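Residue-level listing of the chains:
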Amino acid sequence: MTLTVQPRREELGLKDGLLYVDGRWRAAHDGSTWTHRHPATGETVGGFAVAGAPDVEDAVTAARRAFDAWSRERAGARVKLLHRYAELLRTHADELRGLQALDNGVPLSFGGIYATSVDMAADAFDHHAGWVDKAGGQTLPPYQGGDHIAMTFREPVGVVAAILPWNAPFVLFAQKLAPALAAGCTVVLKPSEYATFCVLRMVDLLAEAGLPDGVVNVVTGPGDPTGEALIAHPGVDKISFTGSREVGRRIVQASAGMLQRVSLELGGKSPAIVFEDAEDVGLAAMTTMGAVTMGLSGQACVAHTRALVHRTVYDEFLDAAQGMAGMITYGDPFDPSVLAGPLINERQLDRVLGHISRGREERARLVIGGERLAGELCAGNFVAPTIFADADNASTIAQEEIFGPVLAVVPFADEEEAVRLANDTEYGLGAGVYTGNAKRAFRVARALRAGLVGVNGFQLEPHVPFGGYKQSGLGREGGLAAFEAYTELKTVLLPLTDELM
Ligand code: NAD
């Protein structure tokens, strides 16, 4: 039987996508469109407008025009709107999960897992609504004497270009838009060309919640021309980007001319460190392999794709990880028993298969997987869960972000070696520490050069800062740190007498 997602298109009432500029849905000026092919079946799912420079110009102009009123909107009105939107998201969660499955092939089963869910996106809006009326400053006494005071104010940074990847569109949409809107910024949003339809529906719901025209505008299309036009636009005050390190570097270059503010959430090669005193080595292995295979098939920035395992529990770890690999099911993303999705496109499929070949050349031991899935899955971009044991930490498969269902396992002898290997990477997004010893857990967590360290597992939530050290990014999303990143800090100096200070 051939896999098809076509009937779902009709069921979800999917229409071709348009740009959203100044509260109006419309085609691109030059009529350009993009055709989206489904990653699990190769079928055409639908199309959407490709924004060129003139469309981006309109969107930035609309955001700039809307800024004065939105940045001065009463706190109470902004709070209510953000909460209303959070409720609308919850009401439409099933529909949005369906649209996501049509976009990026993430199965419905995984679309409900909190860390990538509509629920977490809604909670992020509720969380950031809470900061709106708490954006206070300081009142400082004179330092050298004189009769004056200094006051600080948090003010919105201005027009934000928010650029999303395809892999977790609900949560990443929310982790950018919720703090930006809470702070009083206006936004030009560019979704990934591989996850556009669900994002357009989320924007539709913003309008339904009562967001004024021009506060959020959407330009759809690929990096070139749409993304390039957006990052080059002088009317953008801040670029908030989540995606690959390569595009992150390009954004830093593009922002250099006008010194726009930049936040970057980039890739990772995060280690799971499993000590000999871990309470449940099997569970550590299943958690690690699960994150590299389930749902996104390893296309998750923070997945622990490098397992550093103490020699005494090494075989136990490999057995359990292999067992987990055997449990992963593939197929129709709308089938609730399907646990993992395809790679997003053929370029990514080639990249992952290329890395697997490199792993073989580098003489790591292939324990399981290593091939493309066949049969009814042959039209999709599916790769079998893959484990390389005895990998050299300096080798390509242990250093490069593969963004596929591939785990590299490296043995270690003691804690010092584990920390050294863990930090021996250009990235610094996440890490996991598995140990039954609380002192060791803190000692190692503090020694790791990574933004998010989980001890014996981890749970992402909207109020905790998330982001990377080193080449994994700049800045943090989630919580107060994210809200502040959409503000400028202004100091007002006020003499209290007619004397000059
Ligand atoms: P990508 O860098 O290819 O694309 C991300 C976005 O940038 C897309 O919207 C794309 O159209 C746009 N883009 C591409 N070229 C551009 C250009 N020249 N100018 C402006 N915009 C451009 O990444 P992807 O494949 O969508 O996502 C995978 C990457 O994202 C991985 O590296 C992953 O680790 C990273 N990621 C990081 C986080 C995090 O929070 N740290 C979360 C999810 C994904």
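Just so you know, these numbers come straight off a predicted model, no measurement behind them.

**Q** Teacher, can you tell me more about the sheet that holds strand 6 (residues 148-156) here?
**A** Strand pairing in a sheet is mediated by backbone hydrogen bonds. Such pairs are either parallel or antiparallel. Taken in spatial order, the 3 strands of this open sheet run 5-6-20, and their pairing is antiparallel. A single partner strand is all that each edge strand has here, and the edge strands are strand 5 (139-140) and strand 20 (487-495). Here strand 6 pairs with strand 20 via 9 bridges, running antiparallel. From the neighbouring strand, Met151 faces strand 20, where its bridge partner is Val492.

**Q** Explain the site of the ligand here, please?
**A** Lining the immediate environment of the ligand, one finds 29 residues, of which Leu164, Glu193, Glu228, Ser244 and Glu401 sit closest. Lys190 is positioned with one of its side-chain polar atoms (N or O) 2.8 Å from an oxygen atom of the ligand. Within the side chain of Glu193, a nitrogen or oxygen atom sits 2.7 Å from an oxygen atom of the ligand. In the complex, 89% of the free accessible area of the ligand, which totals 850 Å², lies under the protein chains. Those elements that place two or more of their residues in the shell around the ligand are helix 9 (223-231), strand 10 (238-242) and helix 10 (245-256). Take the shell around the ligand: its biggest share by element is 4 residues, from helix 9. Considering only residue class, the shell around the ligand consists of 15 nonpolar, 8 polar and 6 charged.

**Q** Is there a simple way to think about helix 9 in this case?
**A** Along an α-helix, residues three or four positions apart point the same way, because every turn accommodates 3.6 residues. Burial in helix 9 covers these residues: Thr226, Gly227, Ala229, Leu230 and Ile231. The secondary structure elements touched by the buried residues of helix 9 are helix 2 (53-72), strand 7 (159-163), strand 8 (186-190), strand 10 and helix 10.

**Q** So what exactly am I meant to see when it comes to a negative patch on the surface here?
**A** On the surface, Glu279, Asp280, Asp315, Glu316 and Asp319 cluster together into a patch of negative charge. Mapped onto the secondary structure, Asp319 falls in helix 12 (residues 314-327).

**Q** Explain the packing of aromatic side chains to me, please; I cannot follow it from the model alone.
**A** Ring pairs (aromatic) are described by centroid distance and by the angle formed between their planes. As enumerated under the stated definition, the model contains 8 aromatic pairs in all. Look at Trp34 and Tyr194: their rings are 5.9 Å apart centre to centre, the planes differ by 85 degrees, and that puts the pair in the edge-to-face class. One end of the pair, Trp34, is in strand 3 (residues 33-37); the other, Tyr194, is in the loop between strand 8 and helix 8 (197-209), with 160 residues separating them in the sequence. Taking the centre distance of 4.8 Å and the plane angle of 80 degrees together, the rings of Tyr85 and Phe125 count as edge-to-face. Of the two residues, Tyr85 is situated in helix 3 (residues 75-91) and Phe125 in helix 6 (residues 118-132); the sequence distance between them amounts to 40 residues. Under the relative-accessibility criterion, Tyr85 is labelled buried at 0%. Among the residues examined, Phe125 registers a relative accessible area of 0% and is labelled buried. Counting every residue linked through ring pairs, the aromatic cluster contains Trp34, Phe48, Tyr194 and Phe197. In this structure, Arg78 is placed above the aromatic ring of Trp70, and the distance from its NZ or CZ to the ring centre is 5.7 Å. A cation over a ring is seen here: Lys238 above Tyr486, with NZ or CZ 4.8 Å from the ring centre.

**Q** Explain the packing of helix 3 against helix 8 to me, please; I cannot follow it from the model alone.
**A** Packed helix pairs are specified by the crossing angle of their axes together with the interaxial distance, meaning the distance between the axes. The N-to-C vectors of helix 3 and helix 8 enclose an angle of 130 degrees; their axes lie 9 Å apart at closest approach. Here helix 3 is positioned oblique relative to helix 8, judged by the angle of their axes. Between helix 3 and helix 8 lies a crossing of right-handed hand. Facing helix 3, whose interface residues are Leu81, Arg84, Tyr85, Leu88 and Leu89, helix 8 presents Met202, Leu205, Leu206, Glu208 and Ala209. Looking at the contact of helix 3 with helix 8 residue by residue, the class counts come to 8 nonpolar, no polar and 2 charged.

**Q** Honestly, the environment of Ala303 in this entry has me stumped. Any pointers?
**A** Its location among the elements puts Ala303 in the loop between helix 11 (281-297) and strand 13 (304-310). The exposure class of Ala303 is buried, given its relative accessible area of 6%. Along the chain, Ala303 and Pro405 lie 102 residues apart, while their C-alpha atoms are 10.0 Å from each other. The contact partners of Ala303, leaving out residues within four places of it in the chain, are Ser270 and Ala291.

Calculation rules
- Residues numbered from 1 in each chain as written.
- Predicted model: local features only at pLDDT ≥ 70, side-chain atom pairs only at ≥ 80, totals over all residues.
- Heavy atoms only, no water.
- Pairing = 2+ DSSP bridges.
- Helix = DSSP H or I, 4+ residues; strand = E, 2+ residues; numbered from the N terminus.
- Near = heavy atom within 4 Å.
- Polar contact = N/O pair within 3.5 Å; in protein donor to acceptor, adjacent residues only side chain to side chain.
- Areas by Shrake-Rupley, 256 points an atom, 1.4 Å probe, with all protein chains shown as cover.
- Nonpolar A, V, L, I, M, F, W, Y, C, P; charged D, E, K, R; others polar.
- Buried < 20%, exposed > 50% of the residue type's maximum accessible area, 1.4 Å probe, protein only.
- Contact = heavy atoms within 4.5 Å.
- Patch = residues over 30% accessible without salt bridge, like charges linked within 9 Å, V, L, I, M, F, W, Y side chains within 5 Å.
- Salt bridge = Lys/Arg side-chain N within 4 Å of Asp/Glu carboxyl O.
- Lys, Arg positive; Asp, Glu negative; His and termini not counted.
- Charge placed at Lys NZ, Arg CZ, Asp CG, Glu CD.
- Phe/Tyr/Trp six-rings, centres within 6.5 Å; stacked < 30°, edge-to-face > 60°.
- Lys NZ or Arg CZ within 6 Å of the ring centre and 35° of its normal.
- Axes fitted to C-alpha atoms, helices over the stretch in contact; angles between N-to-C directions.
- Parallel < 35°, antiparallel > 145°, perpendicular 65-115°, else oblique.
- Left-handed = near helix turned anticlockwise from the far one by under 90°.

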